[in-house]
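Residue strings, one per chain:
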Amino acid sequence: MTFKVGLLGLGTVGTGTVEILLDPSQRHPLLQELELYRVGVRSLDKPRQVNLPSQVTTDLQAIVTDPAVDIVVELIGGLEPARSLILTALAHRKHVVTANKAVIARYGDEIFSTANAFGVHVMLEATVGGGIPVIQPLKQSLGANRVHTVMGIVNGTTNYILTRMQQEGGDFAEILADAQRLGYAEADPTADVDGWDAADKIAILASLAFGGRIKLDQVHCEGIRQVGATDIAYAQKLGFVIKLLAIARNQQGVPNLSRTNTNSDLLVNDPTTPPAQLEVRVHPTLVPRDHPLASINGVYNAILIEGDPLGQVMFFGPGAGAGPTASAVVSDLINLAAFLKLNVASSSAKAALHPLLSCSHENYCAVAPMRSLVTRFYARFLTEDQSGVIGKLGTCFGDRNVSLESVVQTGLQDNLAEIVVVTHHVREGDFHQALQQIQSLEAVDSVPSLLRVL
Ligand code: HSE
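Here the residue index of a chain counts from 1 through its sequence in written order. Totals for whole chains, interfaces and linings use all residues, but because this is a predicted model, local features are given only for residues with pLDDT of at least 70 and pairs of side-chain atoms are given and counted only at 80 or more. For the side-chain quantities, the full set of heavy atoms in the structure was used; hydrogens and water were omitted.

Enquirer: I'm lost on a negative patch on the surface in this one. Help?
Expert: Residues enter patches when their relative accessible area tops 30% and they take part in no salt bridge; the joining distance is 9 Å for like charges and 5 Å for the nonpolar side chains Val, Leu, Ile, Met, Phe, Trp and Tyr. Here the accessible surface of atoms and residues is derived via Shrake-Rupley with a 1.4 Å probe, and residues count as covered only by protein chains that are part of the display. Only one rule defines a salt bridge in this text: a Lys or Arg side-chain nitrogen within 4 Å of an Asp or Glu carboxyl oxygen. Working convention for charge: Lys and Arg count positive, Asp and Glu count negative, and His plus the chain ends are omitted. Charge placement uses NZ in Lys and CZ in Arg. For Asp and Glu, CG and CD serve respectively. Residues E384, D385, E442 and D445 make up a contiguous surface patch of negative charge. Counting from the N terminus, the helices are the DSSP runs of H or I reaching at least four residues and the strands are the DSSP runs of E reaching at least two. Tracing the sequence through the fold places E442 in the loop between α13 (428-439) and β17 (444-453). The class for E442 is exposed, based on a relative accessible area of 81%. Per-residue accessibility, obtained with a 1.4 Å probe over protein chains only, is compared with the maximum for each type, and a residue is labelled buried under 20%, exposed over 50%, and partly exposed between these values.

What follows is the structure, given as structure tokens:
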């Protein structure tokens, strides 16, 4: 029995996928039941690394409507025509495997509703973490757990840049330029360095972990452009490394403010607090040096999941690249081959959706506003070097119930004193109010950096 695969896109990941499909020996036996039947490319003239046994065409529409195709693999990337091709394939009752995080994060709603309506599956292991298996674990192996946090380093480009900034003491712009020269960063690095790629990925992970769809515009997103060598050096002195973290967390799991800030009106165990709101955010973060995510360096990705009763589990590996991402694509194909095989073998006229492969949620998660976030902050101030300034900063923070963990003043920069503050856990709204008051002080020149601390 063979199942016919129509592959859209023969770029890096498409080529890696073809290489696995054409060389099934010593891999899962179900691979031998997958036939690479048609391949859709943008140009027939481009030289290819693989000899394709199947029919190659530039007519992608013909593949997604071909009655003989069982599974469409979408690896063309971008929003259109990828979205339309996926929807057409689903409406023609083809299962879809995709690596396209941008399409899933933006159009997951209509894509999964269409898949459910036509009784087919959309598989997306390759959308997050490249070769790291994290989607199927969230759907299946971790199903016994009540997840309260998913956090990770899900963008290799920014992790590479931050790792080099930390190791070499260089500044963002110069290391980005070098990363582009070496091929570690795109010519247009916006989606990576501004955090959008990570935002797509955490929206997908949060949706699976918390059983509801996520509106992408509710994902708070800050990139790494504002992280400077000075902050990396201060972080290091204070026992932290700076990482771009993507975090989704159920606020019921946040630290109890009463340990640090007895006056706050947002104690998490306050019965007036609305139940179970979700934080979904991407931002550079000071991570304690002994935290499991602190040692994930270079282009690697890692996703840490905390749940009850499991505790912590961390998935680590290559977050991009032809082979790793193709490994994830083909794992989805194997799952679909298993599903198709069982259903072809059964006598039922219309196969039911597999409950562990399909999307079962239709509602949106309630995402909490950032002002209700409870976190620690790192802030760097440039001030006049005169007596009483640290006292005034302390008073502004104290007035807003912001408790300080450490205050460091190490020297002068252009005749201005550089003061670095790390807070205890505070409510983000309180912190910003204090900051506003501080910025209006005559002795305060500027606040060059403001980062959250894990
Ligand atoms: N641009 C992504 C990264 C890889 O740098 O991790 C694909 O998701």
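Enquirer: Even after reading the chapter, I still don't get the packing of aromatic side chains, so can you show me in this structure?
Expert: Any aromatic ring pair is given by two values, namely how distant the centres are and how the planes are angled relative to each other. The pairing test for Phe, Tyr and Trp rings, Trp by its six-membered ring, is centres within 6.5 Å, and the orientation test on the planes gives stacked under 30 degrees, edge-to-face over 60, and tilted for anything in between. A complete count under the given rule lists five aromatic pairs for this structure. With a centroid separation of 4.2 Å and an interplanar angle of 20°, the aromatic rings of Y160 and Y184 are classed as stacked. Remark: Y184 occurs in the loop between α7 (172-182) and α8 (190-193) and Y160 occurs in helix α6 (residues 156-168); sequence separation between them is 24 residues. According to the relative accessible area criterion, Y184 is partly exposed, its value standing at 40%. Between the aromatic rings of F377 and F431, the centroid separation amounts to 3.9 Å while the plane-to-plane angle is 10°, which identifies the pairing as stacked. With F377 in strand β13 (residues 374-383) and F431 in helix α13, this residue pair connects regions lying 54 residues apart in the sequence. Judged by its relative accessible area of 1%, F377 falls in the buried class. Three or more aromatic residues link up through ring pairs in this structure, and these residues are F377, F381, F397 and F431. Whether a charge sits over a ring comes down to the Lys NZ or Arg CZ being within 6 Å of the ring centre and within 35 degrees of the ring normal. Of note, K215 hangs over the ring of Y364, and the distance from its end group to the ring centre comes to 4.4 Å. One residue, K237, lies across the ring of Y234, its end atom 5.0 Å from the ring centre.

Enquirer: Help me understand the nonpolar core in this model?
Expert: Residues grouped as a nonpolar core are buried Ala, Val, Leu, Ile, Met, Phe, Trp, Tyr and Cys residues, joined through side-chain atoms within 4.5 Å. If you look at the biggest cluster of nonpolar residues, it comprises 77 residues, and the most contacted ones within it are I161 and L205. At nine residues, helix α9 (residues 196-210) tops the list of elements feeding residues into this core. When checking whether two residues touch, look at their non-hydrogen atoms; a contact exists if any pair is within 4.5 Å. Residues contacting L205, with those up to four places away along its chain left out, are V128, V134, I135, L138, V150, V154 and I303.

Enquirer: Could you clarify how one ought to interpret the site of the ligand in this entry?
Expert: If a single non-hydrogen atom of a residue is within 4 Å of a molecule or strand, that residue counts as near it. Near the ligand you find K101, N155, G156, T157, D192, D197, K201 and A320, and these make up its full shell. Here an oxygen atom of the ligand and a side-chain polar atom of N155 are 3.3 Å apart. Polar contact is the term for a pair of N or O atoms within 3.5 Å; when the atoms are in protein, one must be able to donate a hydrogen and the other to accept it, and sequence-neighboring residues count only if both atoms are side-chain atoms. Within the side chain of T157, a nitrogen or oxygen atom sits 2.6 Å from an oxygen atom of the ligand. Within the complex, 78% of the 260 Å² of free accessible area of the ligand lies under protein. The set of elements that each furnish at least two residues to the shell around the ligand consists of α6 and α9. Of the residues contributing to the shell around the ligand, the split by class is one nonpolar, three polar and four charged. Nonpolar residues are Ala, Val, Leu, Ile, Met, Phe, Trp, Tyr, Cys and Pro. Charged residues are Asp, Glu, Lys and Arg, and all others, Gly as well, are polar.

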